[in-house]
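# Results of the structural survey
Spelled out from the first residue to the last, the chains are:
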Amino acid sequence: MPTYFRVPFNDKNHAKALGARWCLDHELWYAPDGFPNVDAALAEHWPRITPLPPVEHFPVEDRAFGSSPRIAVDLIPTTCWYNSVRSCVEHDDWKRISLGVKLRAGRKCELCGTPANREQDIHLEAYERFDYLDGTQVLKRLVCACSRCHHAIHYDRAEALNEEQAAREHLRLTNGWDDAALDQHLRKANALWKKRSAQQWELDLSIIENAGISVQLPEANKRAERAVHFHRVRPPGSTLDEFLAVLGFPE
Ligand SMILES: [Zn+2]
(Lines give C-alpha, C1' and ligand atoms only; values in the text may rest on other atoms or scores of the structure.)
Protein backbone atom coordinates (compact mmCIF):
# COMPACT_ATOMS: atom_id res chain seq x y z
CA MET A 1 0.00 0.00 0.00
CA PRO A 2 1.64 3.28 -1.03
CA THR A 3 1.64 6.17 1.42
CA TYR A 4 -0.16 9.36 0.45
CA PHE A 5 0.78 12.89 1.42
CA ARG A 6 -1.04 16.16 1.79
CA VAL A 7 1.08 18.25 -0.60
CA PRO A 8 -0.18 21.79 -1.30
CA PHE A 9 -0.53 22.53 -5.00
CA ASN A 10 2.36 25.01 -4.97
CA ASP A 11 4.70 22.35 -3.56
CA LYS A 12 4.02 19.80 -6.29
CA ASN A 13 7.33 20.26 -8.13
CA HIS A 14 9.24 19.88 -4.91
CA ALA A 15 7.38 16.65 -4.11
CA LYS A 16 7.98 15.36 -7.63
CA ALA A 17 11.70 16.09 -7.36
CA LEU A 18 11.80 14.01 -4.18
CA GLY A 19 10.33 11.05 -6.07
CA ALA A 20 6.61 11.47 -5.34
CA ARG A 21 4.15 10.15 -7.92
CA TRP A 22 0.68 11.41 -8.69
CA CYS A 23 -2.31 9.14 -8.03
CA LEU A 24 -5.13 10.10 -10.37
CA ASP A 25 -7.74 8.02 -8.52
CA HIS A 26 -7.24 9.88 -5.24
CA GLU A 27 -5.70 13.03 -6.69
CA LEU A 28 -2.89 12.83 -4.15
CA TRP A 29 0.90 12.56 -4.29
CA TYR A 30 2.30 9.31 -2.93
CA ALA A 31 5.48 7.40 -2.24
CA PRO A 32 5.42 4.19 -4.30
CA ASP A 33 5.75 0.81 -2.59
CA GLY A 34 9.32 -0.30 -2.10
CA PHE A 35 10.77 3.22 -1.93
CA PRO A 36 11.19 3.88 1.79
CA ASN A 37 13.69 6.66 1.07
CA VAL A 38 11.08 8.55 -0.96
CA ASP A 39 8.54 8.03 1.81
CA ALA A 40 10.98 9.36 4.41
CA ALA A 41 11.95 12.36 2.26
CA LEU A 42 8.31 13.31 1.67
CA ALA A 43 7.43 12.82 5.34
CA GLU A 44 10.01 15.45 6.26
CA HIS A 45 7.95 18.06 4.44
CA TRP A 46 4.31 17.01 4.39
CA PRO A 47 1.91 14.99 6.57
CA ARG A 48 0.84 11.50 5.54
CA ILE A 49 -2.89 11.17 4.92
CA THR A 50 -5.44 8.47 4.19
CA PRO A 51 -7.15 9.04 0.83
CA LEU A 52 -10.47 10.83 1.21
CA PRO A 53 -13.60 8.96 0.13
CA PRO A 54 -15.09 10.77 -2.90
CA VAL A 55 -18.69 11.99 -2.78
CA GLU A 56 -20.49 10.88 -5.94
CA HIS A 57 -24.10 10.94 -4.85
CA PHE A 58 -26.12 14.04 -3.97
CA PRO A 59 -29.65 12.87 -3.11
CA VAL A 60 -31.70 15.84 -4.35
CA GLU A 61 -29.51 16.89 -7.24
CA ASP A 62 -31.21 17.44 -10.60
CA ARG A 63 -28.64 16.10 -13.04
CA ALA A 64 -30.80 16.98 -16.04
CA PHE A 65 -30.99 20.65 -15.07
CA GLY A 66 -29.89 22.98 -17.87
CA SER A 67 -28.86 20.23 -20.26
CA SER A 68 -29.85 22.09 -23.42
CA PRO A 69 -27.94 23.61 -25.17
CA ARG A 70 -24.92 21.43 -24.41
CA ILE A 71 -22.94 24.41 -23.16
CA ALA A 72 -25.05 27.29 -21.92
CA VAL A 73 -23.33 30.55 -21.08
CA ASP A 74 -24.01 31.05 -17.39
CA LEU A 75 -23.04 34.47 -16.11
CA ILE A 76 -23.03 34.58 -12.33
CA PRO A 77 -24.81 37.73 -11.09
CA THR A 78 -22.29 40.16 -9.66
CA THR A 79 -24.19 40.10 -6.36
CA CYS A 80 -23.43 36.37 -6.06
CA TRP A 81 -19.71 36.48 -6.82
CA TYR A 82 -17.40 34.74 -4.38
CA ASN A 83 -20.28 32.67 -2.98
CA SER A 84 -19.69 29.12 -4.09
CA VAL A 85 -19.73 25.60 -2.72
CA ARG A 86 -15.97 25.73 -2.61
CA SER A 87 -15.99 28.75 -0.32
CA CYS A 88 -18.65 27.27 1.99
CA VAL A 89 -17.19 23.83 2.75
CA GLU A 90 -13.95 22.56 4.27
CA HIS A 91 -11.04 22.19 1.84
CA ASP A 92 -11.02 18.37 2.17
CA ASP A 93 -14.78 18.21 1.59
CA TRP A 94 -14.43 20.24 -1.60
CA LYS A 95 -11.76 17.82 -2.72
CA ARG A 96 -14.09 14.85 -2.03
CA ILE A 97 -16.91 16.55 -3.94
CA SER A 98 -14.86 17.50 -7.00
CA LEU A 99 -13.24 14.07 -7.10
CA GLY A 100 -16.64 12.33 -6.91
CA VAL A 101 -18.05 14.54 -9.67
CA LYS A 102 -15.15 13.61 -11.97
CA LEU A 103 -15.27 9.89 -11.12
CA ARG A 104 -18.99 9.50 -11.74
CA ALA A 105 -18.58 11.17 -15.14
CA GLY A 106 -15.91 8.64 -16.09
CA ARG A 107 -13.32 11.44 -16.05
CA LYS A 108 -14.74 13.05 -19.15
CA CYS A 109 -16.35 16.44 -19.61
CA GLU A 110 -20.12 15.96 -19.31
CA LEU A 111 -20.67 18.80 -21.77
CA CYS A 112 -18.30 18.19 -24.69
CA GLY A 113 -17.06 14.68 -23.89
CA THR A 114 -13.35 15.44 -23.77
CA PRO A 115 -11.05 13.79 -21.21
CA ALA A 116 -8.31 15.75 -19.44
CA ASN A 117 -5.28 16.36 -21.64
CA ARG A 118 -2.11 17.71 -20.12
CA GLU A 119 -0.42 18.52 -23.46
CA GLN A 120 -3.36 20.64 -24.51
CA ASP A 121 -3.74 22.10 -21.03
CA ILE A 122 -7.27 20.73 -20.64
CA HIS A 123 -8.20 19.72 -17.13
CA LEU A 124 -11.46 18.68 -15.50
CA GLU A 125 -13.27 20.72 -12.85
CA ALA A 126 -16.52 20.57 -10.89
CA TYR A 127 -18.82 23.26 -12.24
CA GLU A 128 -21.53 24.48 -9.90
CA ARG A 129 -24.79 24.97 -11.76
CA PHE A 130 -27.30 27.28 -10.06
CA ASP A 131 -30.87 28.34 -10.61
CA TYR A 132 -32.22 31.70 -9.43
CA LEU A 133 -35.66 31.49 -7.88
CA ASP A 134 -37.65 33.90 -5.70
CA GLY A 135 -34.59 35.68 -4.34
CA THR A 136 -32.57 32.50 -3.80
CA GLN A 137 -29.57 31.23 -5.72
CA VAL A 138 -30.12 27.47 -5.58
CA LEU A 139 -27.46 24.90 -6.39
CA LYS A 140 -29.14 22.44 -8.76
CA ARG A 141 -26.32 20.19 -9.88
CA LEU A 142 -22.58 19.63 -10.12
CA VAL A 143 -21.14 19.02 -13.56
CA CYS A 144 -17.80 17.57 -14.53
CA ALA A 145 -16.67 20.20 -17.03
CA CYS A 146 -13.40 20.55 -18.92
CA SER A 147 -11.54 23.83 -18.59
CA ARG A 148 -12.55 24.83 -22.13
CA CYS A 149 -16.25 24.40 -21.40
CA HIS A 150 -15.93 26.04 -17.99
CA HIS A 151 -14.22 28.98 -19.60
CA ALA A 152 -16.95 29.34 -22.21
CA ILE A 153 -19.70 29.01 -19.60
CA HIS A 154 -18.33 31.97 -17.64
CA TYR A 155 -17.96 33.99 -20.81
CA ASP A 156 -17.56 37.29 -18.96
CA ARG A 157 -14.41 36.00 -17.28
CA ALA A 158 -13.10 34.76 -20.65
CA GLU A 159 -13.74 38.27 -21.99
CA ALA A 160 -11.97 39.84 -19.04
CA LEU A 161 -8.96 37.66 -19.81
CA ASN A 162 -9.13 38.54 -23.51
CA GLU A 163 -9.83 34.92 -24.35
CA GLU A 164 -13.29 35.30 -25.77
CA GLN A 165 -12.26 34.10 -29.25
CA ALA A 166 -11.37 30.67 -27.88
CA ALA A 167 -14.60 30.62 -25.88
CA ARG A 168 -16.64 31.56 -28.96
CA GLU A 169 -14.98 28.89 -31.04
CA HIS A 170 -15.65 26.22 -28.42
CA LEU A 171 -19.30 27.25 -28.05
CA ARG A 172 -19.84 27.25 -31.81
CA LEU A 173 -18.25 23.87 -32.35
CA THR A 174 -19.79 22.06 -29.37
CA ASN A 175 -23.29 23.47 -29.74
CA GLY A 176 -23.26 23.39 -33.54
CA TRP A 177 -24.05 27.12 -33.71
CA ASP A 178 -23.27 29.73 -36.33
CA ASP A 179 -22.25 33.24 -35.28
CA ALA A 180 -25.83 34.51 -35.31
CA ALA A 181 -27.05 31.75 -32.98
CA LEU A 182 -24.11 32.33 -30.67
CA ASP A 183 -24.67 36.09 -30.53
CA GLN A 184 -28.33 35.61 -29.81
CA HIS A 185 -27.49 33.26 -26.94
CA LEU A 186 -24.95 35.75 -25.57
CA ARG A 187 -27.46 38.62 -25.70
CA LYS A 188 -29.98 36.57 -23.76
CA ALA A 189 -27.37 35.50 -21.20
CA ASN A 190 -26.30 39.13 -20.76
CA ALA A 191 -29.84 40.38 -20.29
CA LEU A 192 -30.47 37.73 -17.64
CA TRP A 193 -27.21 38.59 -15.91
CA LYS A 194 -28.05 42.30 -15.78
CA LYS A 195 -31.47 41.59 -14.34
CA ARG A 196 -30.11 39.17 -11.73
CA SER A 197 -27.21 41.45 -10.84
CA ALA A 198 -29.64 44.15 -9.77
CA GLN A 199 -30.72 42.29 -6.64
CA GLN A 200 -29.35 40.42 -3.63
CA TRP A 201 -29.72 36.64 -3.42
CA GLU A 202 -29.91 34.13 -0.57
CA LEU A 203 -27.80 31.02 -1.10
CA ASP A 204 -29.21 27.49 -1.01
CA LEU A 205 -26.68 24.64 -1.00
CA SER A 206 -29.04 22.02 0.35
CA ILE A 207 -27.94 19.41 -2.18
CA ILE A 208 -24.52 19.52 -0.53
CA GLU A 209 -25.96 19.42 3.00
CA ASN A 210 -28.21 16.52 2.00
CA ALA A 211 -25.12 14.58 1.00
CA GLY A 212 -24.00 14.81 4.64
CA ILE A 213 -21.41 17.55 4.14
CA SER A 214 -21.40 20.48 6.49
CA VAL A 215 -21.87 23.83 4.85
CA GLN A 216 -21.00 27.19 6.33
CA LEU A 217 -23.14 29.73 4.51
CA PRO A 218 -21.76 33.26 4.53
CA GLU A 219 -23.69 35.68 6.71
CA ALA A 220 -25.86 38.16 4.85
CA ASN A 221 -23.57 41.09 5.68
CA LYS A 222 -20.47 39.17 4.51
CA ARG A 223 -22.21 38.25 1.30
CA ALA A 224 -23.19 41.86 0.70
CA GLU A 225 -19.60 42.95 1.37
CA ARG A 226 -18.24 40.47 -1.15
CA ALA A 227 -20.87 41.24 -3.76
CA VAL A 228 -19.71 43.37 -6.61
CA HIS A 229 -22.13 46.09 -7.46
CA PHE A 230 -23.24 46.27 -10.99
CA HIS A 231 -21.87 49.74 -11.70
CA ARG A 232 -18.38 48.49 -10.81
CA VAL A 233 -18.32 45.89 -13.54
CA ARG A 234 -15.68 46.45 -16.21
CA PRO A 235 -16.19 49.83 -17.78
CA PRO A 236 -15.85 49.81 -21.57
CA GLY A 237 -12.27 50.46 -22.61
CA SER A 238 -10.66 49.64 -19.27
CA THR A 239 -7.65 47.38 -19.39
CA LEU A 240 -7.75 43.91 -17.93
CA ASP A 241 -5.50 44.90 -15.02
CA GLU A 242 -7.65 47.89 -14.17
CA PHE A 243 -10.73 45.71 -14.32
CA LEU A 244 -9.33 42.97 -12.09
CA ALA A 245 -7.98 45.55 -9.64
CA VAL A 246 -11.42 47.14 -9.31
CA LEU A 247 -12.99 43.76 -8.69
CA GLY A 248 -10.30 42.71 -6.26
CA PHE A 249 -9.90 39.36 -8.01
CA PRO A 250 -8.14 36.99 -5.64
CA GLU A 251 -5.84 35.57 -8.34
ZN1 LIG B 1 -15.89 20.24 -22.17
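Scroll up for the structure.
Below: a short report on this structure.

Rules used in this analysis
- Position labels on residues start from 1 in each chain and follow its written sequence.
- Local features are withheld for residues below a pLDDT of 70 in this predicted model, meaning they are given only at 70 or higher, and side-chain atom pairs are given and counted only at 80 or more; totals for whole chains, interfaces and linings count all residues.
- Side-chain measures were taken over the full set of non-hydrogen atoms in the model, leaving aside hydrogen atoms and water.
- Each metal's donors comprise the N, O and S atoms found within 2.8 Å of it (within 3.2 Å for Na, K or Ca). Water is not part of the atom list, so some coordination spheres may appear incomplete.
- A four-donor site is classed as tetrahedral when every donor-metal-donor angle falls between 85 and 135 degrees; four donors are called square planar, and six octahedral, when trans pairs exceed 155 degrees and all remaining angles lie between 65 and 115, with any other arrangement labelled irregular.
- Secondary structure elements follow DSSP: runs of H or I of four or more residues count as helices, runs of E of two or more count as strands, with numbering from the N terminus.
- Categorising residues by exposure relies on relative accessible area from a 1.4 Å probe, with only protein chains included: less than 20% of the type maximum marks a residue as buried, more than 50% marks it as exposed, and the intermediate range marks it as partly exposed.
- Working definition: a ring pair exists when centres of Phe, Tyr or Trp rings (six-membered ring for Trp) sit within 6.5 Å. Plane angles under 30 degrees give stacked, over 60 give edge-to-face, the rest tilted.
- By definition here, charges over rings are those cases where NZ of Lys or CZ of Arg is within 6 Å of the ring centre and within 35 degrees of the ring normal.
- If DSSP finds at least two bridges between two strands, the strands pair.
- For helices, the fitted line uses only the C-alpha atoms of the stretch in contact; every axis is such a line through C-alpha atoms, and the angle between N-to-C directions lies from 0 to 180 degrees.
- We call two directions roughly parallel when the angle between them is under 35 degrees, roughly antiparallel when it is over 145, roughly perpendicular when it lies between 65 and 115, and oblique otherwise.
- Each crossing is labelled by how the near helix is turned from the far one, with a counterclockwise turn of less than a right angle marking it left-handed and a clockwise turn marking it right-handed.
- Contact criterion: two residues are considered in contact whenever any of their non-hydrogen atoms come within 4.5 Å of each other.
- The directions considered for the arc are those from the helix axis to the C-beta atoms.

Before going further, it helps to spend a moment on the coordination of the zinc ion. Within the protein, Cys-109 (SG), Cys-112 (SG), Cys-146 (SG) and Cys-149 (SG) serve as the donor atoms for the zinc ion, at 2.3 to 2.4 Å. Bound by 4 donor atoms, the zinc ion shows angles of 105 to 118° at the metal and therefore tetrahedral coordination geometry. Motif for the zinc ion, donor spacing along one chain: C-x2-C-x33-C-x2-C. Separated by 34 residues along the polypeptide, Cys-112 in the loop between helix H4 (91–104) and strand E5 (124–133) and Cys-146 in strand E6 (residues 136–146) bring together distant segments of the chain. Residue class for Cys-112 comes out partly exposed when judged on its relative accessible area of 22%. The exposure class assigned to Cys-146 is buried, which follows from its relative accessible area of 0%.

Take the packing of aromatic side chains next. Counting across every chain of the model gives 3 aromatic pairs. Pairing Tyr-4 with Tyr-30 gives two aromatic rings, centres 5.9 Å apart and planes at 50°, and the pair type is tilted. Of the two residues, Tyr-4 sits in strand E1 (residues 3–5) while Tyr-30 sits in strand E3 (residues 28–31), which places them 26 residues apart along the sequence. Relative accessible area serves as the criterion here: at 8%, Tyr-4 is assigned to the buried category. Residue placement shows Arg-21 over the ring face of Phe-35; its charged tip is 5.6 Å from the ring centre.

The mixed open sheet is built from 3 strands, whose spatial order is E5-E6-E7. Of all the strands in the sheet, the pair left with one neighbour each is E5 and strand E7 (202–204). This sheet shows a mean twist of 40° between the axes of neighbouring strands, independent of strand direction.

Turning to the packing of helix H7 (residues 164–175) against helix H8 (residues 179–197), a few remarks are in order. Their axes nearest at 10 Å, the elements H7 and H8 cross at an angle of 110°. In terms of axis orientation, H7 runs roughly perpendicular to H8. Between H7 and H8 the crossing geometry is right-handed. Contact with H7, carried on its side by Arg-168, Leu-171 and Arg-172, involves Asp-179, Leu-182, Asp-183 and Leu-186 of H8 and no other residues of that element.

It is worth spelling out the sheet that holds strand E2 (residues 21–23) at this point. Pairing is antiparallel in the open sheet, where 4 strands are placed in the order E2-E3-E1-E4. This sheet does not close on itself; its edge strands, each paired only once, are E2 and strand E4 (48–49). Here 2 bridges tie E1 to E4, and the two strands are oriented antiparallel to one another. Among the inter-strand pairings, Phe-5 is bridged to a residue of E4, identified as Arg-48.

Across a regular strand the side chains alternate sides, sitting on one face of the sheet and then on the other. The side-chain alternation of E3 yields two buried faces, one formed by Leu-28 and Tyr-30 and the other by Trp-29 and Ala-31. Bridging between E1 and E3 involves 3 bridges; their strand directions are antiparallel. For Tyr-4, the partnering residue across the bridge sits in E3 and is Tyr-30. Linking two consecutive strands that pair antiparallel, namely E2 and E3, is a turn of 4 residues; a positive phi of about 55° is found at Glu-27 within it.

A separate point is helix H2 (residues 36–43). The periodicity of an α-helix, 3.6 residues per turn, causes residues three or four places apart in sequence to face the same way. Listing the buried residues of H2 in full gives Val-38, Asp-39 and Leu-42. Within H2, the buried residues cover an arc of 100° as seen down the axis, which keeps them to one side. Among the exposed residues of H2, those oriented more than 90 degrees off its buried face are Pro-36 and Asn-37.

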